[in-house]
Amino acid sequence: MMRTLVITLAGLLLLYLAPGGLCQGCAVNKDERPLVRDLQKKMIYSVNPSAPPNPSILLALRLSQDHNKHIEQDMLNKLSQDAVQRAVASFSSGQVALHILAQRASCYDPRRVSANGSTINLVRLLEQKFKAELQNIAIHGNPLTNFYQLSLDVLALCQLNGRLSPANASALLSPDHEKYYLGGQFSVDTAAVAVLAQICLQTRGRPLPPKVHKKIRQNVQWLVNKTLDEKKRDGVIGNIYSTGLAMQALSVSSSYLEPRAWSCLQTLHTVLDNIPQGTFKNPMAASQILPSLENRTYLDVSRLNCSMDPDNLPLSTARPAPPTSRPPSISVTYTVADGVNNTFSDSISVTVPQGSVFFKVMEAAQKRDPSKFRFTYTQSSWGPYITSVRGLQADNNQRTYWQLLSNGIPLSQGAGDYVVSNGESLEVRFSKY
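Given the structure is predicted, the values throughout are model-derived calculations rather than measurements.

Cut-offs applied
Residues numbered from 1 in each chain as written. Predicted model: local features only at pLDDT ≥ 70, side-chain atom pairs only at ≥ 80, totals over all residues. Heavy atoms only, no water. Helix = DSSP H or I, 4+ residues; strand = E, 2+ residues; numbered from the N terminus. Contact = heavy atoms within 4.5 Å. Pairing = 2+ DSSP bridges. Axes fitted to C-alpha atoms, helices over the stretch in contact; angles between N-to-C directions. Parallel < 35°, antiparallel > 145°, perpendicular 65-115°, else oblique. Left-handed = near helix turned anticlockwise from the far one by under 90°. Nonpolar A, V, L, I, M, F, W, Y, C, P; charged D, E, K, R; others polar. Buried < 20%, exposed > 50% of the residue type's maximum accessible area, 1.4 Å probe, protein only.

Enquirer: How would you sum up the side chain of S106? Please name residues and give values.
Expert: Assignment of secondary structure puts S106 in the loop between helix 5 (93–105) and strand 1 (113–115). Setting aside residues no more than four positions away along its own chain, S106 makes contact with L58, R62, L76 and C306.

Right, here's the structure in full:
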């Protein structure tokens, strides 16, 4: 990605301190590399072959030092086929943006994605979908999706030199509670991608008008400060799943950090400690942490040289054997509640096998009493995403969604990942963000 010459001293410092990699010294060492390779392999093995291909996984693999070229090419082929078949009608703007980044990281042109005799221009499509997002904001006050996806849109259009006004983008991503908070909690993920997007605007090779440059610096400073406010004593930022994106954002924002405001090495070691515990067993979770472990960020996709990649990540064809014995049963309490209109709140005791995830509890409750516990979902990159319960539909324009809770505390994992425990009180609550 071309770098711009910025006339202010602050801009020159940013140019020097934001090459797209991590802080000096914050990199996995030789002894720790097996953990990264193991995470890569587990991420590949965990991919659900029946689910739509996930561009975030290929993007993470392309930003890694070690590669399995056959696997990556197979993923790219599937992504291209999926984009040609479904992108226009079915992809959200953020999905298109991630596909663009995955194609570019694979050294392919996102403006000419071909499969089955057809070709699609993903950059033009993103420009159209981004425009639709802005029109929805003008009419309803909210985007069709959310500001995480809008930040991805800006990041992708910036990296591919798509049609994008830096002035409008800086206004779009400016500080605002409704943009960066979800259920009263600051969204580190959204902030991190917004930082990456605006750092890209500052450094993409086109000098910005002084007012726009100043606005972006104000935006990034606010986002960086809010992100640092979410830093825990062990270095985790937000929660362990948002930490990878936060590391990317902070690593390219060195000029915005006070001395010793963040220890990159402390965060890195905490993340590494979580790998053997299976914390990143969801392939999407692994994909978001891998780039930071490899001393890279999403700003690096335009600088990759695919011809120099080694083919040094062999995979075993063996898969873990399924359990031979039936696990014991556990009992949980499951509640569905309308926390916005207060029209219903119903509970049921459900028995499921030990080791079951939240989603299995929902299915068991629905089977027992579909009139009260029926639900619908879509398959997202993170797994099943709940879209309605008892006919009550989540709506972006109304800023409503279905929140998952355990013993009254919001969960950081999705319905397909959170493993429930005996005696636990689980809840799906209709909420506003």
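Moving on from the model shown.
Enquirer: Tell me what's going on with the sheet that holds strand 9 (residues 392–393), and back it up with residues and numbers.
Expert: Sheet architecture is open: three strands sit in the order 7-8-9, paired in antiparallel fashion. The strands lining the two open edges of the sheet, one partner per strand, are strand 7 (375–380) and strand 9. The pairing of strand 7 with strand 8 (residues 383–389) spans six bridges and is classified as antiparallel. Of the residues in strand 8, the one forming a bridge with Y377 is I386. Where helix 15 (residues 358–368) meets the sheet, its contacts fall on strand 7 and strand 8, and the angle it forms with strand 7 comes to roughly 150°.

Enquirer: Any chance you could break down the packing of helix 2 (residues 33–46) against helix 3 (residues 55–62) for me, citing the residues and the numbers?
Expert: Where helix 2 contacts helix 3, the axes come no closer than 11 Å and their chain directions differ by 155°. The angle between the axes of helix 2 and helix 3 places the two elements in the roughly antiparallel class. As helix 2 packs across helix 3, the resulting crossing turns out to be left-handed. Here Q40, M43 and I44 of helix 2 lie close against helix 3, whose contacting residues are I57, A60 and L61. When grouped by side-chain class, the residues that make up the contact of helix 2 with helix 3 number five nonpolar, one polar and no charged.

Enquirer: Could you give me a rundown of the side chain of N274, with the residues and numbers involved?
Expert: Summarising the element assignment, N274 is placed in helix 13 (residues 264–274). Residue N274 is classed as buried on the basis of its relative accessible area of 15%. Those residues in contact with N274 that lie beyond four places of it in its chain are I240, T279 and F280.

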